[in-house]
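Each chain is listed here by its residues.
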Amino acid sequence: MSKPVIFSGIQPTGNLHLGNFLGAVKQWVELQNSGTYQCYFCIVDYHSLTGKMTADERRAQVMVTATELLAAGIDPKKSTLFIQSHVPEHTELSWIFSSVTPMAELERMTQFKEKSENQKQNINAGLFTYPILQTADILLYQATHVPVGEDQVQHVELTRDIARWFNNRYAYNFPETAAVLTETPRVKSLLEPDKKMSKSLGQGHVIELGEESSSIEKKIQRAVTATAGGGIAPGAQNLLLLYKHFGDPARYERFIREEKEGTIRYGELKTELSSALSNYFADFRARKQKLLANPDRVAKIFAAGAKQAREVAQTTMKQVRQKIGIR
Ligand code: TYM
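Rules and cut-offs
- Residues numbered from 1 in each chain as written.
- Predicted model: local features only at pLDDT ≥ 70, side-chain atom pairs only at ≥ 80, totals over all residues.
- Heavy atoms only, no water.
- UniProt positions renumbered as here; feature names shortened; annotations may be inferred.
- Salt bridge = Lys/Arg side-chain N within 4 Å of Asp/Glu carboxyl O.
- Buried < 20%, exposed > 50% of the residue type's maximum accessible area, 1.4 Å probe, protein only.
- Helix = DSSP H or I, 4+ residues; strand = E, 2+ residues; numbered from the N terminus.
- Expected span 1.5 Å × (residues − 1).
- Bend = angle between axes of the 7 residues up to and from the residue.
- Near = heavy atom within 4 Å.
- Polar contact = N/O pair within 3.5 Å; in protein donor to acceptor, adjacent residues only side chain to side chain.
- Areas by Shrake-Rupley, 256 points an atom, 1.4 Å probe, with all protein chains shown as cover.
- Nonpolar A, V, L, I, M, F, W, Y, C, P; charged D, E, K, R; others polar.

For the protein chain, an unreviewed UniProt entry supplies the name Tryptophan--tRNA ligase. In its Subcellular location (unreviewed entry) section, the UniProt entry covering the protein chain states "Cytoplasm".

Encoded structure:
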């Protein structure tokens, strides 16, 4: 019997941060290693055109993201790892889906509203139709499971709708898709813990996986922990959550107890969290350096991934073209 299919994607915005890791990539590696699924992981360079990167930046960022995914444990022997633009069927299916998707549904998308707010000078049509391309990414491979952070759930729900609209109109059988969330679907910014951790807020808001100890320490020391009124403040909660994932379990229990009793010393938590993070990602940093020294190897891995992905994408497109009456 064939395995259930997983698809997920990431924008080539350079270095991965703890939000990407705890919301998505760590889980990708676990799902891949479970052996239960057929996994596709994709660097979505077409999606990144909706932002403001230059061509040179994009080329460099794709390479960094590729290297970091491998260093984080995505294994090309177990997963199909590829770059979106290497499989042109993604844009073809996206166009087809755009003709079954009502504008009003796209207008509801939170990410579109947020991004339009953040890049007022560049509210392009691609930003608006972005979730349609994301739907094409997922459905080309007939994926049923999409491991993502919380901010992508609405897009995955729209994917289900688009599949249904298409299936009803053209009598096809795209599967129902569901988001798969981790225990930490929304890692918060270090400096503005009411917002999600994101590089677009600035470097002080995020910890990158490849960051050196001294830099981690500086950023964690500056992280906001102050309480606004009663209860545990979101910033402190975020640091405790990070400690839970990267620190010592017995120490974590103690921090939680101290937090309840009001005796916790955040300076201590911050120092221990910084060294836990630095230790956890030491192997990652070493693997990344090795891969960076061998860009040809990385390029070969991605060329092979695109070849594998394209075969599947072409099969889907053949059926879709027949259903819609073209070629
Ligand atoms: P992107 O590149 O913004 O983020 C990649 C993954 O990281 C997750 N993530 C977070 N999770 C928890 N806390 C955070 N602070 C945090 N920041 C980011 C995201 O939820 C995501 O899972 N549109 C997608 C890329 C995409 C895609 C797809 C995803 C394109 N096609 C098809 C799934 C399936 C995006 O921009 O993710």
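Engineer: Help me get a handle on the pattern of salt bridges, residues and values and all.
Structural biologist: A full pass over the atoms with the stated rule returns 18 salt bridges. Glu211 is the partner of Lys219 in a salt bridge, and the nearest nitrogen-oxygen pair spans 2.9 Å. With relative accessibility at 7%, the residue Glu211 sits in the buried group. Between Arg251 and Glu268 there is a salt bridge, and its shortest N-O distance comes to 3.2 Å.

Engineer: Tell me what's going on with helix α1 (residues 18–34), and back it up with residues and numbers.
Structural biologist: Spacing of three or four residues puts side chains on the same side of an α-helix, whose turn is 3.6 residues. End to end, α1 covers 22 Å across 17 residues, agreeing with the expected 24 Å (1.5 Å per residue, within 8%). Of all the bends found along α1, the most pronounced is centred on Ala24 and spans about 40 degrees. Counting buried residues along α1, 12 of its 17 residues qualify, which places the element largely inside the surrounding structure. Regarding α1, the residues found buried are Leu18, Gly19, Phe21, Leu22, Gly23, Ala24, Val25, Gln27, Trp28, Val29, Leu31 and Gln32. Gly35, located one to two residues past α1, shows a positive phi value of around 75 degrees.

Engineer: So what's going on with the site of the ligand? Residues and values would help.
Structural biologist: Around the ligand, the structure places 26 residues, and the nearest of them are Gln11, Tyr130, Asp137, Gly149 and Asp151. Asn20 places a side-chain nitrogen or oxygen 3.2 Å from an oxygen atom of the ligand. Take Asp151: an N or O atom from its side chain is 2.4 Å from an oxygen atom of the ligand. Coverage of the ligand by the protein chains reaches 95% of its 720 Å² of free accessible surface. At the level of elements, β1 (5–10), α1 and α6 (125–140) are the ones that each hand at least two residues to the shell around the ligand. Classifying every residue of the shell around the ligand gives 11 nonpolar, 11 polar and 4 charged.

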